[in-house]
Amino acid sequence: MITSINPYTEQAICSVFAAEEPDVDRAVQAARKALKHPEWRLLSGTERGHLMNRLADLADKHGEVLAAIETLDNGKPLSVSRSYDVPHFSEVLRYYAGWADKNPGSVIDVGPKKMAYTVKQPVGVCGQIIPWNYPLDMAAWKLGPALSCGNTVVLKLAEQTPLSMLYVASLVREAGFPPGVINIINGRGGEAGAALARHPDVNKIAFTGSTATGKEVMRMAAGTLKAVTLETGGKSPLIVFDDANLKQAVRWAHEGIMANQGQVCTATSRLLVQDGIYDRFVERFKAFTEETSVLGDPFEPQTYQGPQVGKAQAERIMSYISSAQDSGAEVFHPHKHPVPSKGYFTPPTILTNVGTKTAAFREEIFGPVAAIARFSSEEEALEIANATRYGLAGAVFTKDLGRAHRVARDLEAGMVWVNSSNDSDVRVPFGGVKESGLGRELGEDGLRGYYTVKAVHVNLTDE
Ligand code: NAI
Ligand code: MG
């Protein structure tokens with residue numbers, strides 16, 4: 001069994017079944033069977049889209065319950081679960097429902113003697129492993145394109161936050177998906193997750209989580225040469241030039257690292273600020289953080305920051321902060337209200353004078369911790385920004401159009417925001433380079449990992 005904890009009360013919510021290898025095998029066999037079943041295999045894209053839209057409608061109908069479960073299990077503010085996590089879940093399903101009958105193959109002109117065409121076919125059984133920071137949305141990002149392309153799925157939830165997607169599992173049945181098309185399991189990473197990544201009857205693995213686990217998943221998937229998409233860690237830079245709109249830069253920089261308790265893979269956790277604006281930026285950033293960061297009960301409407309997802313994560317964050325302090329960084333915790341004594345809270349944290357070689361500046365902390373460094377020239381900013389094994393995202397603040405596009409081109413990242421941060425969009429591809437991932441989710445590019453292209457050659461002659 002896995003006991004899910006409410007990170008605000010530190011109390012158990014309930015215990016749920018933890019799948020082990022034989023259970024994973026049963027789920028995979030159910031998915032294999034469903035792949036061949038006429039009720040799924042013979043559906044047109046349009047009909048698959050209808051099923052997906054029905055699931056989206058049901059999620060909206062049950063939105064209040066889903067939002068409450070998400071907040072109870074993960075600790076994120078209810079205002080966020082309501083306004084972002086739940087609506088985004090159905091938005092992603094609807095977006096990919098729309099693609100289900102708009103993703104055709106092509107006819108290739110090879111002259112009069114032959115006809116050649118391609119068809120896009122499902123990859124097969126897709127193993128999908130998701131993390132705990134956006135339990136509903138990470139599931140939608142994976143289910144959406146997989147179902148759109150006609151695959152079947154075994155989705156493994158994160159052990160910290162299984163409850164919202166278990167509720168969705170009951171809606172899947174109500175939406176009318178044939179049995180076996182969507183299999184949702186709980187289980188520990190090293191057992192259920194690894195069993196899925198190794199399983200010879202799984203054709204594709206999609207993973208979101210830490211870079212270390214992503215590498216492990218890729219190694220296991222290599223056993224049967226599974227297709228792999230990975231969305232892993234980041235340490236994304238946000239660069240503020242002297243000519244930036246200061247108010248705008250401060251607000252987005254705050255959102256970019258403090259939202260969702262800092263538990264965001266694309267969090268812009270390294271702030272690089274040019275000399276001429278540095279002092280004013282740091283002062284305004286501290287003031288804005290102090291004003292905004294209301295810590296407390298995630299069910300209270302005024303709460304901006306809830307607890308971290310669990311004890312281990314909170315302790316990990318605090319150890320990064322104390323090691324930064326030990327290596328000479330200045331540490332600020334700007335917040336008006338006291339940090340609640342119960343719950344896995346970490347205070348919003350701003351680090352200055354933090355060496356660019358220290359762990360706090362180089363490693364993914366996954367908490368509300370901003371490390372600020374200064375730079376003089378555009379060249380130096382890019383050098384610091386790119387001196388990392390990660391390459392998920394980056395942001396640049398400037399009014400100079402030429403510089404904005406130059407920096408956007410030269411940042412080693414899968415996504416760049418100009419004068420904003422973490423403003424992702426279902427229609428726009430999401431993913432990283434370097435050790436931040438492989439492949440893309442969202443947008444049309446998100447479909448690519450979920451179909452194979454078959455080429456058909458037709459001899460039109462009697463030869
Ligand atoms: P993790 O990467 O170990 O867990 C993510 C998912 O992978 C979970 O469903 C887990 O059960 C599964 N998993 C774990 N070990 C596995 C294995 N050997 N084989 C197959 N699946 C496995 O991340 P964890 O331990 O929850 O968090 C540690 C750090 O990872 C965080 O502090 C953060 O830095 C990073 N992280 C990044 C995320 C992102 O969105 N890129 C999300 C979650 C964590
Ligand atoms: Mg929990």
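Residues numbered from 1 in each chain as written. Chains lettered and ligands numbered in written order. Predicted model: local features only at pLDDT ≥ 70, side-chain atom pairs only at ≥ 80, totals over all residues. Heavy atoms only, no water.

**Student:** Before we go on, may I ask you to explain the coordination of the magnesium ion (ligand 2) in this structure?
**Tutor:** Six octahedral donors around a metal ideally subtend angles of 90 or 180 degrees, whereas four tetrahedral donors ideally subtend 109.5 degrees. Donor atoms from the polypeptide that bind the magnesium ion (ligand 2) are Ile5 (O), Asp73 (O), Asp73 (OD) and Gln160 (O), placed at 2.3 to 2.5 Å. One chain supplies every donor to the magnesium ion (ligand 2), and in sequence these donors are spaced I-x67-D-x86-Q. With a gap of 87 residues between them, aspartate 73 in helix H4 (residues 63–74) and glutamine 160 in the loop between strand S6 (152–156) and helix H7 (163–175) connect regions that are remote in the sequence. Residue classification places glutamine 160 among the partly exposed positions, given a relative accessible area of 30%. (Donors = N, O, S within 2.8 Å, 3.2 Å for Na, K, Ca; no water. Helix = DSSP H or I, 4+ residues; strand = E, 2+ residues; numbered from the N terminus. Buried < 20%, exposed > 50% of the residue type's maximum accessible area, 1.4 Å probe, protein only.)

**Student:** Sorry if this is basic, but what is going on with the site of ligand 1 here?
**Tutor:** Close to ligand 1 lie 27 residues, the nearest being Trp132, Glu159, Ser210, Arg316 and Glu364. In the model, an oxygen atom of ligand 1 is placed 2.8 Å from a nitrogen or oxygen of the isoleucine 130 main chain. A distance of 2.5 Å separates an oxygen atom of ligand 1 from a polar atom in the side chain of arginine 316. Out of a free accessible area of 810 Å², ligand 1 has 87% covered by protein chains. Mapped by element, the contributors of at least two residues to the shell around ligand 1 are helix H8 (189–198), strand S8 (204–208), helix H9 (211–221) and helix H12 (311–326). At 4 residues, the largest contribution of residues to the shell around ligand 1 is made by H8. A class-by-class count of the residues in the shell around ligand 1 yields 12 nonpolar, 11 polar and 4 charged. Taken domain by domain, the shell around ligand 1 gets at least three of its residues from each of domain 1 (2–232 + 435–458) and domain 2 (237–423). (Near = heavy atom within 4 Å. Polar contact = N/O pair within 3.5 Å; in protein donor to acceptor, adjacent residues only side chain to side chain. Areas by Shrake-Rupley, 256 points an atom, 1.4 Å probe, with all protein chains shown as cover. Nonpolar A, V, L, I, M, F, W, Y, C, P; charged D, E, K, R; others polar. Domains from an automatic or database assignment.)

**Student:** Could you clarify how one ought to interpret the domain arrangement of the chain in this entry?
**Tutor:** Where interface size is given, it is often the accessible area lost as the parts come together that is meant. Domain annotation for the chain reports domain 1 (2–232 + 435–458) and domain 2 (237–423). Inter-centroid distance (C-alpha atoms) of domain 1 to domain 2 is 30 Å. Contact with domain 1, which involves 26 residues of that partner, is made by 27 residues of domain 2. Carbon and sulfur atoms make up 58% of the area that domain 1 and domain 2 hide from each other, which totals about 2,300 Å². At the surface where domain 1 touches domain 2, the tally comes to 1 salt bridge. Close ionic contact of arginine 389 with glutamate 435 constitutes a salt bridge, the shortest N to O distance being 2.7 Å. Those elements that provide at least two residues to the side of domain 1 that touches domain 2 are H4, helix H5 (78–99) and H9. At 4 residues, H4 tops the list of elements feeding residues into the side of domain 1 that touches domain 2. A per-class count over the side of domain 1 that touches domain 2 returns 9 nonpolar, 11 polar and 6 charged. (Contact = heavy atoms within 4.5 Å. Buried area = accessible area lost by both parts, 1.4 Å probe. Salt bridge = Lys/Arg side-chain N within 4 Å of Asp/Glu carboxyl O.)

**Student:** Looking at this model, I keep getting lost on the packing of aromatic side chains. Mind explaining?
**Tutor:** Two numbers describe a pair of aromatic rings. These are the distance of the centres and the angle of the planes. Evaluation of the coordinates by the stated rule reveals 8 aromatic pairs. A ring pair is formed by tryptophan 132 and phenylalanine 366, whose centres lie 5.4 Å apart and whose planes are at 85°; its orientation type is edge-to-face. One end of the pair, tryptophan 132, is in the loop between strand S5 (125–129) and helix H6 (135–148); the other, phenylalanine 366, is in the loop between helix H13 (359–362) and strand S14 (369–375), and 234 residues separate them in sequence. Like tryptophan 132, the residue phenylalanine 366 is buried in the burial classification. A centroid spacing of 5.6 Å and a plane angle of 15° characterise the contact between phenylalanine 281 and phenylalanine 285, whose relative ring orientation is stacked. Of this pair, phenylalanine 281 and phenylalanine 285 both sit in helix H11 (residues 275–292), 4 residues apart, which is roughly one turn of that helix. The burial state of phenylalanine 281 is the same as that of phenylalanine 285; both residues are buried. Here the guanidinium or amino end of arginine 374 rests over the ring plane of tyrosine 278, the centre of that ring lying 4.1 Å away. For arginine 403, the ring lying beneath its charged end belongs to phenylalanine 241, and the centroid distance is 4.1 Å. (Phe/Tyr/Trp six-rings, centres within 6.5 Å; stacked < 30°, edge-to-face > 60°. Lys NZ or Arg CZ within 6 Å of the ring centre and 35° of its normal.)

**Student:** Just checking my understanding: could you explain a positive patch on the surface for this structure?
**Tutor:** A contiguous patch of positive charge on the surface is contributed by Lys247, Arg251, Arg280 and Arg284. Every element with two or more residues in the positive patch is listed here: helix H10 (246–258) and H11. Residue placement: lysine 247 occurs in helix H10. Its relative accessible area of 51% is what places lysine 247 among the exposed residues. (Patch = residues over 30% accessible without salt bridge, like charges linked within 9 Å, V, L, I, M, F, W, Y side chains within 5 Å. Lys, Arg positive; Asp, Glu negative; His and termini not counted. Charge placed at Lys NZ, Arg CZ, Asp CG, Glu CD.)

**Student:** When you look at the UniProt feature "active site" (unreviewed entry) in the chain in this model, what are you seeing that I'm missing?
**Tutor:** When the UniProt feature table is mapped to this numbering, "active site" (unreviewed entry) covers Glu231. Assignment of secondary structure puts glutamate 231 in strand S9 (residues 227–231). Excluding its chain neighbours within four sequence positions, the residues that come into contact with glutamate 231 are Trp141, Phe207, Thr208, Gly209, Cys265, Leu392, Phe430, Ser436 and Glu441. (UniProt positions renumbered as here; feature names shortened; annotations may be inferred.)

**Student:** Honestly, the packing of helix H3 (residues 45–61) against H5 in this entry has me stumped. Any pointers?
**Tutor:** Any two packed helices are characterised by how steeply their axes cross, that is the angle between the axes, and by the distance between the axes. One way to put it is that H3 packs onto H5 with a least axis distance of 8 Å and a crossing angle of 170°. Taken together, the axes of H3 and H5 are roughly antiparallel relative to one another. Together, Gly49, Met52, Asn53, Leu55, Ala56, Asp57, Ala59 and Asp60 of H3 and Val86, Phe89, Ser90, Leu93, Arg94, Tyr96 and Ala97 of H5 make up the contact between the two elements. Looking at the contact of H3 with H5, its residues break down into 9 nonpolar, 3 polar and 3 charged. (Axes fitted to C-alpha atoms, helices over the stretch in contact; angles between N-to-C directions. Parallel < 35°, antiparallel > 145°, perpendicular 65-115°, else oblique.)

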